[in-house]
Amino acid sequence: MKQLSILCVLMFGCAPQLAGNADKDTAASDGGGSGDGGSDGGDADGGDADGEDPDDSGDPDPDPVFVRVFINEVMSANAGAVVDDVDGTADWFELYNPGDAEVSLAGWTATDDLDTPDLAPLSDGLVVPAGGWLVLWADGDPDAGAAHLPFKLSSAGEAIGVFAPDGTAMDRIEFGALPDNIALARTEDGGSEWALAASATPGESNVSR
């Protein structure tokens, strides 16, 4: 990866976080035994007090789904290096999903003001593919398409946050000024280290440059 000197990047909370069911305790009960009895003097684990078997007909709760989505690459001063889906040169940032299942962004929000996490509700049709990337265009023109956001990025320094439907901060970063056409990218997809890159890779792996 072609790197320039690393910006002074102030970041917090960029480690993957668990969303939704991550802190949900598994509360399945065994219902009190095998339920094969119920007559007086029967087995202690044969049923409940009045002789009726416990209701164990329901399926067990599914395993919790652990979702991780990272802000993976940012360009806040796009002066023509990257063209968007409507032939514009909007600023942008990229999301990365390291998981084995796609992540629907229905109910999710994005923001450039961390005090207002619900600034930009994301479209129900947006999906981050399994093991893949999604580019969001910060052009202040949400009417341009589902991936276009109602805010712009400042080349002088900015904050970006992405939040799950329950309000969990899936990822959020703060960074300083970026030169024209220079991306700030994780050196490995979803990794903890960031560097400046002269060759942006929106929608692709950062290690492919």
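Located above this text is the structure these notes cover.
Described below are features of the structure shown in this document. Residue positions within a chain follow its written sequence, with the count starting from 1. Owing to the predicted nature of the model, reporting of local features is limited to residues with pLDDT of at least 70; listing and counting of side-chain atom pairs is limited to 80 or more, with chain, interface and lining totals taken over all residues. Values reported for side chains reflect all heavy atoms of the structure, with hydrogen atoms and water molecules removed beforehand.

## A look at the packing of aromatic side chains
Two descriptors summarise a pair of aromatic rings, namely the distance from one centre to the other and the angle between the planes of the rings.
Point 1. Between 30 and 60 degrees the pair is tilted, below 30 it is stacked and above 60 it is edge-to-face, where a pair is any two Phe, Tyr or Trp rings, Trp via its six-membered ring, whose centres lie within 6.5 Å. Under the criterion given, the structure shown has 1 aromatic pair.
Point 2. Their ring planes at 25° and their centres at 5.6 Å tell us that Tyr96 and Trp133 sit as a pair that is stacked. Placement of the pair is Tyr96 in strand β2 (residues 91-96) and Trp133 in strand β7 (residues 133-138), with a sequence separation of 37 residues.
Point 3. Only protein chains enter the accessibility calculation, which uses a 1.4 Å probe; a residue is then buried when its area is under 20% of its type maximum, exposed when over 50%, and partly exposed in between. With relative accessibility at 12%, the residue Tyr96 sits in the buried group.
Point 4. A relative accessible area of 23% means that Trp133 is categorised as partly exposed. Here a strand is any run of E in DSSP of at least two residues, a helix any run of H or I of at least four, and the numbering for each starts at the N terminus.

## Describing the sheet that holds strand β10 (residues 183-186)
Point 1. Only when DSSP finds a minimum of two bridges between them are two strands counted as paired. Taken together, 5 strands build an open sheet; the order of strands is β7-β2-β1-β10-β11 and the sheet is antiparallel. The open sheet has two edge strands with one neighbour each: β7 and β11 (194-197). Between one strand axis and the next, the sheet turns through 25° on average, direction left out of account. Helix axes are fitted to C-alpha atoms over the stretch in contact, other axes to C-alpha atoms as well, and angles between N-to-C directions run from 0 to 180 degrees.

## Concerning the sheet that holds strand β4 (residues 109-111)
Point 1. Across the sheet, 4 strands lie side by side as β5-β4-β8-β9; this open sheet has antiparallel pairing. Looking at which strands have only one partner, the edges of the open sheet turn out to be β5 (120-121) and β9 (169-176).
Point 2. Where β4 meets β5, 2 bridges bridge the pair, whose relative direction is antiparallel. Pairing of Ala110 across the sheet is with Ala120, part of β5.

## A look at the side chain of Glu158
Point 1. Considering the arrangement of structural elements, one finds Glu158 in strand β8 (residues 157-163).
Point 2. The charge count includes Lys and Arg as positive and Asp and Glu as negative, but it does not include His or the ends of the chains. What makes a salt bridge here is a side-chain nitrogen of Lys or Arg within 4 Å of a carboxyl oxygen of Asp or Glu, nothing more. The buried charged residue Glu158 lacks any salt bridge partner; its closest oppositely charged side chain belongs to Lys152, at an N-O distance of 11 Å.
Point 3. Residues adjacent in sequence count toward polar contacts only when both atoms are side-chain atoms; beyond that, a polar contact is any pair of N or O atoms within 3.5 Å, and within protein one must be able to donate a hydrogen and the other to accept it. A polar side-chain atom of Glu158 sits 3.0 Å from the main-chain amide nitrogen of Ser154.
Point 4. Filtering out sequence-adjacent residues up to four positions away, Glu158 remains in contact with Asp112, Lys152, Leu153, Ile173, Glu174 and Phe175. The contact criterion used is simple: two residues touch if any of their non-hydrogen atoms lie within 4.5 Å.

## Regarding the nonpolar core
Point 1. With 39 residues, the main nonpolar core has Ile71, Phe93, Leu95, Leu105, Trp108 and Leu136 as its most contacted residues.
Point 2. Elements with a minimum of two residues in this core: β1 (70-75), β2, β7, β8, β9, β10 and β11.
Point 3. Of all the elements, β7 adds the most residues to this core, at 5 residues.
Point 4. Residue contacts for Phe93: discarding those within four places in its chain leaves Ile71, Glu73, Val74, Ala110, Leu134, Val135, Leu136, Leu149, Phe151, Ile160 and Val162. In these notes, a set of buried Ala, Val, Leu, Ile, Met, Phe, Trp, Tyr and Cys residues joined through side-chain atoms within 4.5 Å is what counts as a nonpolar core.

## Side note on unusual backbone geometry
Point 1. You will see that Asp87, though not glycine, has its phi angle at about 60°, which is positive.
Point 2. Residue placement: Asp87 occurs in the loop between β1 and β2.
Point 3. Classification of Asp87 as exposed rests on a relative accessible area of 70%.
Point 4. Of note, Asn181 is a non-glycine position whose phi angle comes to about 65°, a positive value.
Point 5. Counting through the fold element by element, Asn181 comes out in the loop between β9 and β10.
Point 6. Here Asn181 falls in the partly exposed class, since its relative accessible area comes to 24%.

## A few points about the side chain of Asp189
Point 1. Positionally, Asp189 belongs in the loop between β10 and β11.
Point 2. From its side chain, Asp189 meets the backbone nitrogen of Asn206 in a polar contact 2.9 Å long.
Point 3. Setting aside its immediate chain neighbours within four residues, Asp189 contacts Asn72, Tyr96, Trp133, Ser205 and Asn206.

## A word on the pattern of salt bridges
Point 1. Under the definition given, this model contains 1 salt bridge.
Point 2. Residue Asp171 is joined to Arg186 by a salt bridge in which the shortest nitrogen-to-oxygen separation is 2.8 Å. Of the two residues, Asp171 is situated in strand β9 and Arg186 in strand β10; the sequence distance between them amounts to 15 residues. Note on accessibility: Asp171 and Arg186 belong to one class, buried.

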